[in-house]
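Chain residues, written in single-letter form:
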Amino acid sequence: MSRRSRLSTGRDTASGCTVTVCRGCCCGTAKVAGADHAAQLARLRQALTGSAQVRMSGCLDACAYANVIVVQPSAEGRRAGGRPVWLGLANDPGAADDIAAWIHAGGPGMAEPPDVLDLYVITPARPVRQQLA
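Since the model is a prediction, treat every value here as computed from it, not as a measurement. Numbers given for residues are sequential positions, taken from 1 along each chain in its written order. The model is predicted, so local features are restricted to residues of pLDDT at least 70 and side-chain atom pairs to those at 80 or more, both for listing and for counting; the totals for chains, interfaces and linings are taken over all residues. Each side-chain value is worked out from all heavy atoms of the structure, with water and hydrogens disregarded.

1. Describing the overall build of the chain
Inference 1: The helix count covers DSSP runs of H or I at least four residues long, the strand count covers runs of E at least two residues long, and both are numbered beginning at the N terminus. In terms of regular secondary structure, the chain is built from 5 helices and 5 strands.
Inference 2: Secondary structure elements of the chain occur, N-terminal to C-terminal, as α-β-α-β-β-α-β-α-β-α.
Inference 3: The buried label goes to any residue with under 20% of its type's maximum accessible area, the exposed label to any with over 50%, and the partly exposed label to all in between, with areas taken from a 1.4 Å probe on protein chains only. Buried residues in the chain amount to 43% of all 133 residues.
Inference 4: Should any heavy atoms of two residues lie within 4.5 Å, those residues are considered in contact. Restricting the contact set of the chain to residue pairs at least 6 apart, pairs at least 24 apart contribute 70%.
Inference 5: Note that accessible areas follow from Shrake-Rupley with a 1.4 Å probe, and for residues the cover is restricted to the protein chains shown. Per element, the accessible surface of the chain, about 7100 Å² overall, is 50% carbon and sulfur.

2. Some details on unusual backbone geometry
Inference 1: Cis geometry marks the peptide bond from Ala66 to Asn67; its omega dihedral reads 0 degrees.
Inference 2: Topologically, Asn67 is positioned in the loop between β2 (52–57) and β3 (69–72).
Inference 3: In the Ramachandran plot, Asp61 falls in the positive-phi region, its phi being about 60 degrees despite a non-glycine side chain.
Inference 4: Looking at where Asp61 falls in the secondary structure, it is placed in the loop between β2 and β3.
Inference 5: Positive phi is not limited to glycine here, since Leu89 has a value of about 60 degrees.
Inference 6: Tracing the backbone through its elements, the reader meets Leu89 in the loop between β4 (85–87) and α4 (95–105).
Inference 7: Owing to a relative accessible area of 46%, Leu89 belongs among the partly exposed residues under this scheme.

3. A word on the pairing of β2
Inference 1: Pairing of strand β1 (residues 17–22) with β2, which is carried by 6 bridges, proceeds in the parallel orientation. Each bridged residue has a counterpart across the sheet, and for Cys17 the counterpart in β2 is Ala52.
Inference 2: The handedness rule is simple: strands pointing away from the viewer, and a clockwise path from the first strand over the helix to the second, make the crossover right-handed. Traced from β1 through helix α2 (residues 37–48) to β2, the parallel crossover comes out right-handed. For two strands to count as paired, DSSP must find a minimum of two bridges between them.

4. Quick word on the state of the cysteines
As used in these notes, a disulfide is a covalent bond between sulfur atoms, one from each of two cysteines.
Inference 1: We call a pair of cysteine sulfur atoms a disulfide when they lie within 2.5 Å. One pass over the structure, following the stated rule, counts 0 disulfides.
Inference 2: With no disulfide of its own, Cys27 lies 3.6 Å from the sulfur of Cys22, the closest cysteine sulfur.
Inference 3: Relative accessible area serves as the criterion here: at 3%, Cys27 is assigned to the buried category.

5. Structural notes on the environment of His37
Inference 1: Of note, His37 is situated in helix α2.
Inference 2: Considered as a pair, His37 and Asn91 are 54 residues apart in the sequence and their alpha carbons are 8.1 Å apart.
Inference 3: Once residues lying within four places of it in the same chain are set aside, the contact partners of His37 are Arg23, Gly28, Thr29, Val32 and Asn67.
Inference 4: Reaching out from His37, the side chain makes a polar contact with the backbone oxygen of Thr29 at a distance of 2.9 Å.
Inference 5: Side-chain polar atoms of His37 contact the backbone oxygen of Val32, separated by 3.3 Å. Under the rule applied, a polar contact is a pair of N or O atoms within 3.5 Å (in protein, one hydrogen donor and one hydrogen acceptor; residues adjacent in sequence only if both atoms are side-chain atoms).

6. A few points about the nonpolar core
Inference 1: Nonpolar core, defined: a set of buried Ala, Val, Leu, Ile, Met, Phe, Trp, Tyr and Cys residues in which side-chain atoms within 4.5 Å join the residues together. Of all hydrophobic cores here, the largest spans 23 residues; its most connected members are Val19, Leu44, Leu48, Ile99 and Ile103.
Inference 2: Sorting the residues of this core by element identifies β1, α2, β2, β3, β4 and α4 as the ones contributing at least two each.
Inference 3: Per-element tally for this core: the top contributor is α4, with 6 residues.
Inference 4: Those residues in contact with Val19, other than ones at most four positions away along the chain, are Leu44, Leu48, Gln53, Val54, Arg55, Ile69, Val70 and Ile103.
Inference 5: Ranked by size, the runner-up nonpolar core spans 12 residues in total, among them Val32, Ala35, Leu60 and Ile122.

Written out as structure tokens, the structure is:
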């Protein structure tokens, strides 16, 4: 399918936010007890279908904050000053819904995140952040 076709059907997520879900050595494993990792990923994918790209990543090297999710702004959000937002300890079942609601509102640079997401915001070391810049 051509880019033009995807745009006309409203299914092009290339211009939307990108959500990177760490599933490396700690995130998404039994090392984070009590979290339903598969359900979290499925919920994000379901809630963001057609709105954002959801992808899994190997270790993002922020293991102390497992589970880590990075929300990258859309092109429009980046032009408005939005930058990737790193969320750590995102193990609560409702976190996926809060992230999806923010992205549906526009995401980084376009909408303020729900207050509850402030609890998850982390700032990993610069070399780690540059992986997804």
